[in-house]
Amino acid sequence: MTFCLSSIRSFSKLWKSKLPCLGLGPGHFYLSLFLTDCGIRNQQRWFFLKMSPQNTKATNVLAAKVRFVKKGDEDRIMQNSSHPHLFAAGEAKKRSQMNAHSKDHTLLLKDNIQLPTKPLNSEEWDKFKEDYTGKGNFENWISSQMCCSNSSVDVAKSLLSWVAAKNNGIVDYNLLVRYLYLCVFHKQTSEVIDVYEIMKARYRSLEPGAYTLLIRGLIQSDRWREAFQLLEDFKKVMTPSVNNYDDCIQGALLHRDVNIAWNLYQELLSLKLTPRLETLKALFDFGKDIKDDHYSNKLLDILLYLRNNHLYPGESLALSIKTWFESIPGKQWKGQFTTIQTSGQCSACGNTIESIQLSPEEYDFLKEKIMRDVIDGGDQYRKTTPQELKRFVKFIKSCPPFDVVIDGLNVAKMFHKVRESQMLLDVVSLLAKQNLQLLVLGRKHMLKQCAQWRRHEMEKVQEQAHCFFADNISEDDPFLLYATLNSGNHCKFITNDLMRDHKACLLDAKTQHLFFKWQQGHQLAIRRVSPRSHITFQHSPCYDTIVQTTGDSWHIPYDEDLVERYSYEVPTKWLCLQRKV
Ligand SMILES: [Zn+2]
């Protein structure tokens, strides 16, 4: 090693020149990009992802949705007989995996050039640069590569020295931030503090990437309180991310400053950010050693927060919650990991889980909201014409309340091997035998005789069910929702469409949750193993998958680490907590 600096302090003299004060510039985007491009997923969390874990799943949903509707998938979906129910965690993932078309787009960045594993001297760096044949700036490229492969701090430092020496003492801001990244990654606290001093002297304010790194680096050091000051500075330019709060709260707990931790937690909630599960876990873990009612009540508030926001802990948070409950002196809590039976009873304690049925107040609230937002919303012309809407409402008023509303087109197209009118007739006949009041929603084209639509079969459908045929351009879903909700809480509907678009139309979270709860309890999905076999209906759960308590018990659904759950699915595993009275 011929060229190794003992400390980055030797660089201080390098930052004398005319770099402008950096506010929020393109640097932020650049920085995010350079790490995302690396394809190393866990590094992304360092940087300013506005997406919560739920949102990432939501993005996947789009991909899954596209695959889901491809012709022929439905058969495969129905062949899987191990489905607990349509909304169970992992089901969508299974559905998408069943599709042979799904491809992994793994982009592996492979270079023929080997990254240096030990510090290089100037000549060696010069030589390295000569060998570089790629496009773009060598220094940018090599420093990005070093971040991606988490090169040692010494190697990165030799790069910076070389750049500074041949560049009149100027080191590019991005290069410095990448060096900071490596120092934080390797937990080289003293180096972090040195870079911090340089940045403090050089720039009035930083961009989010640097703030995030400095906060994370400093919180581990004995100058941890300065991380909170950085958070304050950060707030002057923009809202910190949940990761910044996570770092600060974990840091506060590490240094046993409970008040700062709870204040930051409150602040995070008041900004309407969703805390990371790791943050909650840290608070529960710390709670084991704190025998204080005030602290305990705050932890119980976290559980109610999860309930109110329909959030679910992961496996490790569930374990921390269990351990915390069992550590409360004198209360004798006992926790068990379990499942809920189809009947809605907890397999561990036998108690009944809250019903999926909406209360009359909730039902009326949802009904009114859907009528207004989904059906008669601002863009009603795009979905249907006012004339048709009027005709439909008049038709509904002339009918008795329905027991089942059927999305005719969706049901008919469920198996491409079966004639559409035949499939619809099979479903209608099966339900009609049970003396149910049926409504079939269809399109006018279904009444025209053709290969897929036989007139005599459609006549039989009309004998057994009320039918409404909308214009061929109309959307069926709003009619389906209207007819079902108008019939009352007992009425179910059949479609294999998950109606995510409508959920998205319902602007506020409360309505969305009610809609999801109502949908889980009212949507019947058809299953048929093969075109010739019997039709069965996938059961809808009778209980609500939500964090709940009776005072002496808690039931907490949680996500398993290895099961990927989409945003419209619910977990299947539960933590049951009972107090021995
Ligand atoms: Zn239980």
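Residues numbered from 1 in each chain as written. Predicted model: local features only at pLDDT ≥ 70, side-chain atom pairs only at ≥ 80, totals over all residues. Heavy atoms only, no water.

The number of helices and strands found in the protein is 26 helices and 10 strands. Counting all 581 residues of the protein, 51% fall into the buried class. Considering only residue pairs separated by 6 or more positions, the protein has 73% of its internal contacts joining residues 24 or more positions apart. Taken as a whole, the protein presents about 28,100 Å² of accessible surface, with 52% of it coming from carbon and sulfur. (Helix = DSSP H or I, 4+ residues; strand = E, 2+ residues; numbered from the N terminus. Buried < 20%, exposed > 50% of the residue type's maximum accessible area, 1.4 Å probe, protein only. Contact = heavy atoms within 4.5 Å. Areas by Shrake-Rupley, 256 points an atom, 1.4 Å probe, with all protein chains shown as cover.)

Where burial is concerned, most of strand β6 (residues 523–528) is hidden: 6 out of the 6 residues are buried. Here β6 shows a buried face lined by Gln523, Ala525 and Arg527 and a second buried face lined by Leu524, Ile526 and Arg528. Across 2 bridges, strand β5 (residues 492–494) lies against β6 in parallel orientation. Following the sheet pairing, Ile494 is matched in β6 by Leu524. Note: β6 against strand β7 (residues 535–538), 4 bridges, orientation antiparallel. Each bridged residue has a counterpart across the sheet, and for Ala525 the counterpart in β7 is Gln538. (Pairing = 2+ DSSP bridges.)

Coordination of the zinc ion by the protein involves Cys346 (SG), Cys349 (SG), His555 (NE2) and Cys576 (SG), with metal-donor separations of 2.1 to 2.3 Å. Seen from the zinc ion, its 4 donor atoms lie at angles of 106 to 113 degrees, and the figure they make is tetrahedral. (Donors = N, O, S within 2.8 Å, 3.2 Å for Na, K, Ca; no water. Tetrahedral: all angles 85-135°; square planar, octahedral: opposite > 155°, others 65-115°.)

As a further point, take the packing of aromatic side chains. Counted under the stated rule, the structure contains 27 aromatic pairs. Ring centres of Trp262 and Tyr295 lie 5.3 Å apart, and the angle between their planes is 70 degrees; on these two criteria the pair is classed as edge-to-face. Highlighted residues: Trp262 in helix α14 (residues 258–270) and Tyr295 in helix α16 (residues 293–308), separated in sequence by 33 residues. For the pair Trp262 and Tyr295, a shared accessibility class is recorded, and that class is buried. Seen in terms of ring centroids, Phe392 and Tyr482 are 5.7 Å apart; in terms of plane orientation they differ by 65 degrees. Their pairing is edge-to-face. Of this pair, Phe392 sits in helix α20 (residues 386–397) while Tyr482 sits in helix α24 (residues 477–487), placing them 90 residues apart in sequence. This pair shows no difference in class: Phe392 is buried, exactly as Tyr482 is. Three or more aromatic residues joined by ring pairs make a cluster, and in this case those are Trp125, Phe128, Tyr132, Phe138, Trp141 and Trp162. Looking at Lys166, its charged tip hangs above the ring of Trp162, at a distance of 4.5 Å from the centre. (Phe/Tyr/Trp six-rings, centres within 6.5 Å; stacked < 30°, edge-to-face > 60°. Lys NZ or Arg CZ within 6 Å of the ring centre and 35° of its normal.)

Its 13 residues give helix α22 (residues 420–432) an end-to-end C-alpha distance of 18 Å, which sits within 8% of 18 Å, the value for a rise of 1.5 Å per residue. For α22, every residue scored as buried is listed here: Glu420, Ser421, Met423, Leu424, Leu425, Val427, Val428, Leu431 and Ala432. (Expected span 1.5 Å × (residues − 1).)

Take the pairing of strand β4 (residues 466–470) next. In terms of residue burial, β4 counts as a mostly covered element, since 4 of its 5 residues are buried. Summarising the sheet, strand β3 (residues 438–443) and β4 pair through 5 bridges and their orientation is parallel. When the sheet's bridge partners are listed, Gly442 is paired in β4 with Phe469. Once the chain exits β3 it traverses helix α23 (residues 455–464) before rejoining the sheet at β4, and the crossover so formed is right-handed. (Right-handed = clockwise from strand over helix to strand, strands pointing away.)

Take the packing of helix α7 (residues 138–148) against helix α8 (residues 153–166) next. How two helices sit against one another is set out by the angle between their axes and by the gap between those axes. The contact between α7 and α8 brings their axes to 11 Å, and the two run at 165 degrees. Classified by the interaxial angle, the pair formed by α7 and α8 is roughly antiparallel. Once α7 is placed against α8, the crossing between them reads as left-handed. Contact residues: Phe138, Glu139, Ile142, Ser143 and Met146 in α7; Val155, Ala156, Leu159, Trp162, Val163 and Lys166 in α8. When grouped by side-chain class, the residues that make up the contact of α7 with α8 number 8 nonpolar, 1 polar and 2 charged. (Axes fitted to C-alpha atoms, helices over the stretch in contact; angles between N-to-C directions. Parallel < 35°, antiparallel > 145°, perpendicular 65-115°, else oblique. Left-handed = near helix turned anticlockwise from the far one by under 90°. Nonpolar A, V, L, I, M, F, W, Y, C, P; charged D, E, K, R; others polar.)

What follows covers the side chain of Asp247. Topologically, Asp247 is positioned in helix α13 (residues 242–254). Under the relative-accessibility criterion, Asp247 is labelled buried at 7%. Sequence-distant contacts of Asp247, that is, excluding residues within four places in its chain, are made with Thr212, Ile215, Arg216 and Ile219.

Another point: the packing of helix α11 (residues 208–219) against α13. α13 packs onto α11 with a crossing angle of 10 degrees between their chain directions and a minimal axis gap of 9 Å. Judged on the interaxial angle alone, α13 and α11 are roughly parallel. Residues Thr212, Ile215, Arg216 and Ile219 of α11 touch α13, and the partners they reach there are Asn244, Asp247, Cys248, Gly251 and Leu254. Tallied by class, the residues present in the contact of α11 with α13 amount to 4 nonpolar, 3 polar and 2 charged.

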